[in-house]
Amino acid sequence: MDIFKIIKIRFLLFFRDIFVYHTSSLEFRAKVYASVIAIKNGMTKCEEDLLNEIGLRIYKKDGARASLLVHVTKEYVNKIIEKNELDINALIKNIDQELKKSSRFAYKINIKDLKNFLDCSSGDEETRIIQSRIIEFLQLEIKEFS
């Protein structure tokens, strides 16, 4: 990644509420992905690569926005892991509240993409079970709000 792109992403991260188009949609997606990723202690390379691939598919030709999705998701994962400002239950509750306010966000949840994260946790059965339960919850949310 070249230095200009790194600076651009850091700038957008810092001022995303001002300069990023549909920041609430991106934030919502980041929360959904973080809810599945944060079950473990940090984002693995497998999860980061998968999230980057998903971001590039969602945002097609906007690599900066795809990178922004990865970085914002990492922020949420780190907040949960550090137990700084957020825990997994609060994040899931926040997702539910956002869906109640804006049911259109239910269309932003892609269960197939979320299930792909299970492959990154192949050796840890407990993590996979918790991730599966979160995905089941999100499936119910989609049914309720679509």
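Residues numbered from 1 in each chain as written. Predicted model: local features only at pLDDT ≥ 70, side-chain atom pairs only at ≥ 80, totals over all residues. Heavy atoms only, no water.

J.: Report on the environment of Ser132, specifying residues and quantitative values.
T.: Among the structural elements, Ser132 can be located in helix 8 (residues 125-145). A relative accessible area of 24% places Ser132 in the partly exposed class. Note: C-alpha distance between Ser132 and Leu118 (14 residues apart in sequence) is 7.7 Å. (Helix = DSSP H or I, 4+ residues; strand = E, 2+ residues; numbered from the N terminus. Buried < 20%, exposed > 50% of the residue type's maximum accessible area, 1.4 Å probe, protein only.)

J.: Describe in detail the packing of aromatic side chains, supporting the description with residues and values.
T.: A full pass over the atoms with the stated rule returns two aromatic pairs. Seen in terms of ring centroids, Phe28 and Phe105 are 4.9 Å apart; in terms of plane orientation they differ by 20°. Their pairing is stacked. Here the residue Phe28 occupies a position in helix 3 (residues 23-37), and Phe105 occupies one in the loop between helix 6 (88-101) and helix 7 (111-116), the gap between them amounting to 77 residues. Here the aromatic rings of Tyr33 and Phe117 are separated by 5.9 Å at their centres, their planes lie at 50°, and the arrangement is tilted. Here Tyr33 is found in helix 3, whereas its partner Phe117 is found in the loop between helix 7 and helix 8, with 84 residues between them in sequence. Per residue, the accessibility class of Tyr33 equals that of Phe117, and both read buried. (Phe/Tyr/Trp six-rings, centres within 6.5 Å; stacked < 30°, edge-to-face > 60°.)

J.: Can you explain the side chain of Thr127? Please cite residues and give values.
T.: Counting through the fold element by element, Thr127 comes out in helix 8. Judged by its relative accessible area of 6%, Thr127 falls in the buried class. In this structure Thr127 touches Ile39, Lys40 and Ser121, once residues within four positions along its chain are discounted. (Contact = heavy atoms within 4.5 Å.)

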